[in-house]
Amino acid sequence: MSGKFITFEGPEGSGKSTQIRLLAEQLEKQGIDVLCTREPGGTKTGEAIRSILQHDAAGEALAERAELMLFTASRAQLMNQVILPALKSGTWVLCDRFIDSTMAYQGFARGMDISTLDAINEFAVFGRMPDLTVLLDLDIEAGFRRLEERYADGQASHDRFEQEARDFHHRVREGYHKLAAREPQRFRMINSDRSIEDVSSDVWNAVKEALL
Ligand code: TMP
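Enquirer: Teacher, can you tell me more about the nonpolar core here?
Expert: Generally speaking, soluble globular proteins have nonpolar side chains that are buried together. If you look at the biggest cluster of nonpolar residues, it comprises 20 residues, and the most contacted ones within it are Ile6, Leu23, Leu27, Val203 and Val207. Secondary structure elements with two or more residues in this core: β1 (5-9), α1 (16-29), β3 (92-96), β4 (132-137) and α8 (196-211). Residue contributions to this core peak at six residues, all from α8. Formed by 18 residues, the second largest nonpolar core is a distinct cluster that contains Ala104, Tyr105, Ala109 and Leu179.

Enquirer: Sorry, what's going on with the site of the ligand here?
Expert: In the vicinity of the ligand, 13 residues are found, and the nearest of them are Glu12, Arg75, Arg97, Thr102 and Gln106. Contact between the ligand and Arg50: an oxygen atom at 3.3 Å from a side-chain N or O atom of the residue. A total of 480 Å² of accessible area belongs to the ligand in isolation, and the protein chains cover 92% of it. When residues of the shell around the ligand are traced back to their parent elements, those giving at least two are α2 (44-55), α3 (64-88) and α4 (99-109). The leading source of residues in the shell around the ligand is α4, at four residues. Across the shell around the ligand, the residue classes tally to three nonpolar, four polar and six charged.

Enquirer: Help me understand the pattern of salt bridges in this model?
Expert: Enumeration over the complete set of coordinates arrives at 16 salt bridges. Between Asp131 and Arg128 there is a salt bridge; the shortest N-O distance is 3.1 Å. Sharing partners across several salt bridges, the network here consists of Glu67, Arg110, Arg160 and Glu164.

Enquirer: Which parts of the structure should I look at to understand the sheet that holds β1?
Expert: Strand pairing in a sheet relies on backbone hydrogen bonds, with the paired strands running either antiparallel or parallel. As summarised here, the arrangement of the five strands in space is β2-β3-β1-β4-β5, forming an open sheet in which the pairing is parallel. Single-partner strands in this sheet number two, and they are β2 (34-38) and β5 (187-191). For this sheet, the mean angle separating the axes of adjacent strands, direction not counted, is 20°. Here five bridges tie β2 to β3, and the two strands are oriented parallel to one another.

Enquirer: When you look at unusual backbone geometry in this model, what are you seeing that I'm missing?
Expert: Trans is the prevailing form of peptide bonds, just as negative phi is the prevailing case for residues other than glycine. Of note, the bond from Glu39 into Pro40 is cis; its omega dihedral lies within 30 degrees of zero at -15°. Tracing the backbone shows Pro40 in the loop between β2 and α2. The phi dihedral of Arg97 falls on the positive side, at around 75°, and the residue is not glycine. Note that Arg97 resides in the loop between β3 and α4. Overall, the relative accessible area of 13% leaves Arg97 in the buried class. Phi is positive for Phe126, which is not a glycine, with a value near 55°. By the element assignment, Phe126 lies in the loop between α5 (114-124) and β4. Given the relative accessible area of 51%, Phe126 is considered exposed.

Enquirer: Help me understand the packing of α4 against helix α7 (residues 166-182) in this model?
Expert: Between two packed helices, what matters for the description is the angle formed by their axes and the separation of those axes. Interhelical geometry of α4 versus α7 gives an angle of 125° and a closest axis separation of 8 Å. Compared by their axis directions, α4 and α7 come out oblique. For the pair α4 and α7, the sense of crossing is right-handed. In this structure, α4 uses Asp100, Ser101, Met103, Ala104, Tyr105, Phe108 and Ala109 to contact α7, whose residues at the interface are Phe168, Arg171, Val172, Gly175, Tyr176, Lys178, Leu179 and Arg182. Along the lines of polarity and charge, the residues of the contact of α4 with α7 split into nine nonpolar, two polar and four charged.

Conventions we followed
Residues numbered from 1 in each chain as written. Predicted model: local features only at pLDDT ≥ 70, side-chain atom pairs only at ≥ 80, totals over all residues. Heavy atoms only, no water. Core = buried A, V, L, I, M, F, W, Y, C linked by side-chain atoms within 4.5 Å. Buried < 20%, exposed > 50% of the residue type's maximum accessible area, 1.4 Å probe, protein only. Helix = DSSP H or I, 4+ residues; strand = E, 2+ residues; numbered from the N terminus. Near = heavy atom within 4 Å. Polar contact = N/O pair within 3.5 Å; in protein donor to acceptor, adjacent residues only side chain to side chain. Areas by Shrake-Rupley, 256 points an atom, 1.4 Å probe, with all protein chains shown as cover. Nonpolar A, V, L, I, M, F, W, Y, C, P; charged D, E, K, R; others polar. Salt bridge = Lys/Arg side-chain N within 4 Å of Asp/Glu carboxyl O. Pairing = 2+ DSSP bridges. Axes fitted to C-alpha atoms, helices over the stretch in contact; angles between N-to-C directions. Parallel < 35°, antiparallel > 145°, perpendicular 65-115°, else oblique. Left-handed = near helix turned anticlockwise from the far one by under 90°. Contact = heavy atoms within 4.5 Å.

This is the structure:
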């Protein structure tokens, strides 16, 4: 039997990676095989693309369309090499960001054409959409406060997207709300401005209700 495919989305600092780890532990307790991955990245090709996207590794500003194609190239590689084979073998896949990040960031925040992005996304994922998308919703300022705490030790630097103006991130969040309203069957929006345990319990309930 095919595995289930769950994606996690949300603005910066919304706690996706923590919630993915906790959900993976819950699923494993049920005897389910789980694979966790992320975008951009998850393959050698994808991780190389990630370093170009996050920190202008090539040393020049990226054209918007080049940025879009790099995200979707990473996605096609991840789908082909990792996600589709895992689902086929019955493994559940949890992915940190996916098609909806392209819609929210390149579409709603950068202003690229939504129907063009829908078509490019569908092509990149071989038509295989997520079974469930958990949207961790958080006020933009609260998300950035969390990031500042993470970076307070000076060990990490802000990436290209975190350096965008606050307006950009407000459009990302509003974009996510529009995407969730457009596909209520696939999306579950969860308020992430609460304790890790409360959010995790809502995530688990959403997964049980939708997929178990
Ligand atoms: P993150 O994995 O640390 O959240 O960083 C990924 C960044 O890339 C984040 O700011 C969102 C952005 N992004 C896009 O703009 N479009 C996409 O399609 C994806 C997957 C991510």
